[in-house]
Amino acid sequence: MSPGSFTALLASAALLVSAAPPPPVPPAHGPAVRPSETPVRCRMEAPASDAIGTGGKRILRHPGPPAPPPPSMVSAPLASPAIAATAQRRFEAPYGSAANRERYDGREVASIRDVATSPVSTFSIDVDTGSYANVRRFLEDGQPVPAEAVRTEEMINYFRYDYPRPVDRSTPFSVTTDVSTTPWNPATRLIRIGLRGYDLATADRPPANLVFLVDTSGSMFSPDKLPLVKTALKGLAGQLRPDDRVSIVAYAGSAGVVLESTNRFGYIDAALDCLQAGGSTAGGQGIELAYAIARANFRKDGVNRIFLATDGDFNVGISDNKALEALVKRNRDDGITLTALGFGTGNYNEAMMERIADVGNGNYAYVDSAMEAKKVLSEELSATLVTIAKDVKVQVEFNPAAISQYRLIGYENRALAEEDFANDAVDAGDMGAGHQVTALYEVVPAGASDWTAERRYEANRPRSAPSKGQEAAFVKLRYKLPDGGASREISRAVPAAALTTATEPRGDMAFVTAVAAFGQKLRGDAHLGGFGFADIRTLAAGQGDFWRQQFGKLTELAER
């Protein structure tokens, strides 16, 4: 062999070594296992002839993940798991253009209610935060924020407030009410209702049976999609205990098991590493298989949850939102909850993500960076995993002697009929350990200028209440404990005197008011008057928390 040929051979060998995938990370728990014994399935396997599932649903038993795409389609790894800024996104066509297929289920801003004719407001709580992170993505990308992508309650509930811890776990959350003047309307007042669930240390939570359900279709081929999914789920796996177990299911043109249930972090890490993007999106089949795997490894007194990581672009099999909802509803009564983690741009189906998380008794978050992944799946892991109260509903009855009109800011897609409050068969939102929920009402005190003009005919005008009384409103909360049973109820009166003694919002109340105004401003709320982004920024100023400081920066981006 000539020296030149030998040199070329060495160069080729070096190139092959550098291109080869890294070896699996050693397992974190248990004895070492030889590579030949690894349960990670990175290649297509022939499906078994038998099936699992009930009710006539056929689900292949472990057909293996989809075949990897050609080398040109292999997604590049994210530069670093420690990336805190916006992930390297592939900039898509602007929302609203023919080339952009993002989908949102926006609702109109809630209308004004007269206490004389509609004295009761009822809604299901919302612990989702996805709308805020998605709005942040639009602003950081220099794009206009679609009004239909903004849910003000999720903007508000993205942040934590200074609510007291519950005294006793038999009542899983504390209830706080306070009143302030309204910065954008001197004639109205703001009533805040705040809930805080009890905290749970990692060592105290039940063991977990988790299924990572990962979309590996071709639409996930982007640095802000599958590579970020891997970073997020690796971070979650790194927070787990030795008695927790994880399974991994991948889906593209079909669905398959990549990793059987295990507590070996090395296997989890290696299985995530081998995932590659390519093919169509059989999301419905993936969800079916994930529930089957979760049931097969069910932990009776533990946490049983599916983490769905996708851009929501289901295009094979079940792709209609209603059909997907029905699929999740059929499975949620098994005690298996579902967390939806949204990724990516251009074809993001947020309408589907938010809805199936709600019907799956879980929560929805949008992950636009590794830092957001850390917040959702590390810092807030107990809240994401452990349910402390189910079917939590809020009902507020306003006293017409103290309040003439009101509106609930946000929660349009969480509204319930008055009779649903006491009906235990009506599903509502769940709270996790450490979760917080905030609702904000804007109200018109009796005798102040109403939002609407006085009606012409006397018979159409509300009758004056005989006496003012000592209460402005009465707040009721209804919930079930995680193990089920009949609902329990908590009640709290808002004193009428609080309306007259209210001062301008300060501290936490100022910040939550600023976030509410920000969300409503982006939605085109006509009742904010001339209250602008600069006013919002001033109201939120002086915050030391990183996320709150970032909010101030977003108001600057929105103003441009």
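Just so it is clear, the model here is predicted, and its values are computed rather than measured.

All chains considered together, the criterion is met by 21 aromatic pairs. Taken together, a centroid distance of 6.0 Å and an interplanar angle of 50° make the contact between Y161 and Y163 tilted. The class of Y161 is buried, set by a relative accessible area of 4%. An aromatic cluster of three or more residues is present, and its members are Y132, Y158, F159, F511, F518, F533, F546, W547 and F551. Between R137 and the ring centre of F138, over which it is positioned, the NZ or CZ distance is 4.2 Å. Lying across the ring of W547, K375 places its NZ or CZ 5.8 Å from the centre.

This part takes up the nonpolar core. Within the largest apolar cluster, 82 residues are counted, with the highest numbers of intra-cluster contacts made by F173, F212, M431 and Y441. Take this core: its biggest share by element is seven residues, from helix α4 (residues 226-237). Apart from residues lying up to four places away in sequence, M431 is in contact with I125, V127, F173, L195, R196, G197, V386, T387, I388, A389, V392 and V437. Of all hydrophobic cores here, the second largest spans 68 residues; its members include Y161, V257, Y348 and A510.

Here we take up the sheet that holds strand β7 (residues 208-215). The pairing of strands in a sheet happens through backbone hydrogen bonds and is either parallel or antiparallel. Taken together, the six strands give an open sheet; going across it, the order is β9-β8-β7-β10-β11-β12, and neighbouring strands pair in mixed fashion. Of all the strands in the sheet, just β9 (255-262) and β12 (364-366) have a single pairing partner and so form its edges. On average, each strand axis in the sheet is inclined to that of its neighbour by 15°, with strand direction left out of account. Packing against the sheet, helix α5 (residues 265-273) makes contact with β7, β8 (245-251) and β9, and its axis sits at approximately 165° to β9.

Turning our eyes to something else, we now look at unusual backbone geometry. Negative phi is the rule for most residues except glycine; trans is the rule for most peptide bonds. With a phi angle near 50°, D391 is a residue other than glycine that sits in the positive phi range. If you trace the backbone, D391 turns up in strand β13 (residues 387-398). Exposure remark for D391: the relative accessible area of 9% places this residue in the buried category. With phi around 65°, Y411 is a residue other than glycine that occupies positive phi space. Along the polypeptide, Y411 turns up in the loop between β14 (403-408) and β15 (429-432).

The space that makes up the second largest pocket amounts to roughly 780 Å³. Lining of the second largest pocket is provided by 30 residues; of these, G335, T387, K390, P482 and D483 occupy positions nearest its centre.

So, on to the pattern of salt bridges. A side chain with one charge can pair with a side chain of the opposite charge if their charged atoms come near. Throughout the structure, instances matching the rule amount to 34 salt bridges. A salt bridge links D334 to R295; the nearest nitrogen and oxygen atoms lie 3.1 Å apart. Taken as a pair, D334 in the loop between α7 (321-332) and β11 (337-342) and R295 in helix α6 (residues 283-296) lie far apart in primary sequence, 39 residues in all. What makes D334 partly exposed here is its relative accessible area of 34%. Residue class for R295 comes out partly exposed when judged on its relative accessible area of 28%. Between D391 and K480 there is a salt bridge, with the nearest N and O atoms lying 3.0 Å from each other. Of this pair, D391 sits in strand β13 while K480 sits in strand β17 (residues 471-481); the two residues are 89 residues apart in sequence, bridging distant segments of the chain.

Basis of the calculations
Residues numbered from 1 in each chain as written. Predicted model: local features only at pLDDT ≥ 70, side-chain atom pairs only at ≥ 80, totals over all residues. Heavy atoms only, no water. Phe/Tyr/Trp six-rings, centres within 6.5 Å; stacked < 30°, edge-to-face > 60°. Buried < 20%, exposed > 50% of the residue type's maximum accessible area, 1.4 Å probe, protein only. Lys NZ or Arg CZ within 6 Å of the ring centre and 35° of its normal. Core = buried A, V, L, I, M, F, W, Y, C linked by side-chain atoms within 4.5 Å. Helix = DSSP H or I, 4+ residues; strand = E, 2+ residues; numbered from the N terminus. Contact = heavy atoms within 4.5 Å. Pairing = 2+ DSSP bridges. Axes fitted to C-alpha atoms, helices over the stretch in contact; angles between N-to-C directions. 1 Å grid on protein atoms, 1.4 Å probe; cavity = no way out; pocket = protein on both sides within 12 Å on 5 of 7 lines; lining within 4 Å. Points joined across faces, edges and corners; volume = space filled by probe spheres on them. Salt bridge = Lys/Arg side-chain N within 4 Å of Asp/Glu carboxyl O.

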